[in-house]
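This is what each chain is made of:
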Amino acid sequence: MSVNTELERRLAAVRKRIEQACAAAGRSPARVALLAVSKTRSPAEIRAMHALGIAAFGENYAAEAVDKQAELAALGLTWHFIGPLQSNKTRLVATHFDWVQSVDRDKLVRRLDAQRPPERPPLNVLIQVNIDREPQKAGCDPEAVEALAESILARPRLALRGLMVIPAAGRDPAAAFARAQALYRHLAERVPSVDTLSMGMSDDLEVAIACGSTMVRIGTALFGPRPAAR
Ligand SMILES: *Cc1c(COP(=O)(O)O)cnc(C)c1O
């Protein structure tokens with residue numbers, strides 16, 4: 001099978017899983033965005049995925065992403081930064097991305113706001129929550145969401161859109177997703193710009209959709225197994 005036929009088959013399978021999960025949850029598939037996670041993937045693979053109708057891509061490594069973005073600039077893709085964010089990388093993210101999903105402390109908020117170029121629209125921001133309170137894991141504690149949200153709302157160059165979570169590996173994610181849904185509802189009730197709950201990956205998108213996810217981030221199920229972890 002050619003690479004493109006393989007991608008087409010994988011994309012159809014992922015779309016079908018999303019539709020079935022939405023049907024089971026009584027939700028509209030139009031309310032669940034599909035973000036293609038393209039870390040470690042080549043510009044050619046991203047181009048092929050775009051030709052199949054995908055326009056939003058998620059990247060974890062800022063420098064790697066910027067090279068690919070330059071090569072693919074003519075396609076007008078939407079780029080989400082989803083990896084752990086170090087403060088020395090905020091300028092790259094503020095300059096080259098449309099969304100950042102991994103904001104978890106006020107220092108990042110201040111830097112991203114100051115560094116967002118004036119000619120670009122405000123940077124869309126999701127607060128990453130360490131929903132299982134794992135040590136050493138990216139994301140703020142659930143209690144810190146409120147203060148961080150207030151800080152983001154006060155910044156003219158940032159637009160608060162919602163929350164992102166990555167549940168602990170190796171256990172049933174349903175409880176974590178349900179807690180994230182409760183936090184998200186509380187935030188969305190108060191903040192009109194909040195419309196995005198980013199949760200669900202290749203292995204758990206069904207559970208995430210049952211718990212109200214509005215954006216699933218899918219890598220392996222779309223592009224195939226990743227080359228060795230880095
Ligand atoms: C790699 C990654 C994904 C995609 O994971 P898959 O299991 O390959 O679908 C989603 N979100 C984040 C933050 C990631 O780093």
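Residues numbered from 1 in each chain as written. Predicted model: local features only at pLDDT ≥ 70, side-chain atom pairs only at ≥ 80, totals over all residues. Heavy atoms only, no water.

With that out of the way, let us pick up the site of the ligand. Within the structure, the ligand sits among Val37, Lys39, Asn60, Ile82, Ile166, Met201, Ser202, Arg217, Ile218, Gly219, Thr220 and Arg226. At 2.8 Å, a backbone N or O of Gly219 approaches an oxygen atom of the ligand. In the complex, 89% of the free accessible area of the ligand, which totals 390 Å², lies under the protein chains. Residues belonging to the shell around the ligand are distributed by class as follows: five nonpolar, four polar and three charged. (Near = heavy atom within 4 Å. Polar contact = N/O pair within 3.5 Å; in protein donor to acceptor, adjacent residues only side chain to side chain. Areas by Shrake-Rupley, 256 points an atom, 1.4 Å probe, with all protein chains shown as cover. Nonpolar A, V, L, I, M, F, W, Y, C, P; charged D, E, K, R; others polar.)

Let's shift gears to the state of the cysteines. In total, this model carries zero disulfides according to the counting rule given. No disulfide involves Cys140; its sulfur sits 19 Å from the nearest other cysteine sulfur, which is in Cys211. The class for Cys140 is buried, based on a relative accessible area of 5%. Sulfur of Cys211: no disulfide; nearest cysteine sulfur belongs to Cys22 and is 13 Å away. (Disulfide = S-S within 2.5 Å. Buried < 20%, exposed > 50% of the residue type's maximum accessible area, 1.4 Å probe, protein only.)

Okay, the pairing of strand S4 (residues 99-103) next. Strand residues, when the strand is regular, have side chains that alternate between the two faces of the sheet. Buried residues dominate S4, accounting for five of its five residues. Across two bridges, strand S3 (residues 78-81) lies against S4 in parallel orientation. Bridge pairing in S4 places His80 opposite Trp99. In this region the chain leaves S3, passes through helix H4 (residues 90-96) and returns to the parallel neighbour S4; the handedness of that crossover is right-handed. Of the strand pairs in this sheet, S4 and strand S5 (residues 123-129) are connected by three bridges, and their pairing is parallel. When the sheet's bridge partners are listed, Val100 is paired in S5 with Val125. Handedness of the crossover is the feature at issue here: the chain leaves S4, passes through helix H5 (residues 106-115), returns alongside S5, and the resulting connection is right-handed. (Helix = DSSP H or I, 4+ residues; strand = E, 2+ residues; numbered from the N terminus. Pairing = 2+ DSSP bridges. Right-handed = clockwise from strand over helix to strand, strands pointing away.)

Note on placement: Ala169 falls in the loop between strand S6 (158-165) and helix H7 (174-190). Given the relative accessible area of 73%, Ala169 is considered exposed. Taking the C-alpha atoms as reference points, Ala169 and Asp132, separated by 37 residues in sequence, lie 9.9 Å from one another.

Bringing the environment of Cys22 into the picture now. Considering the arrangement of structural elements, one finds Cys22 in helix H1 (residues 3-25). Separated by 131 residues in sequence, Cys22 and Leu153 place their C-alpha atoms 31 Å apart. Contacts of Cys22, omitting those with residues within four sequence positions, involve Arg27, Ser28, Pro29, Val32 and Ile209. (Contact = heavy atoms within 4.5 Å.)

Fair warning: the whole summary comes from geometry, so function is off the table for now.
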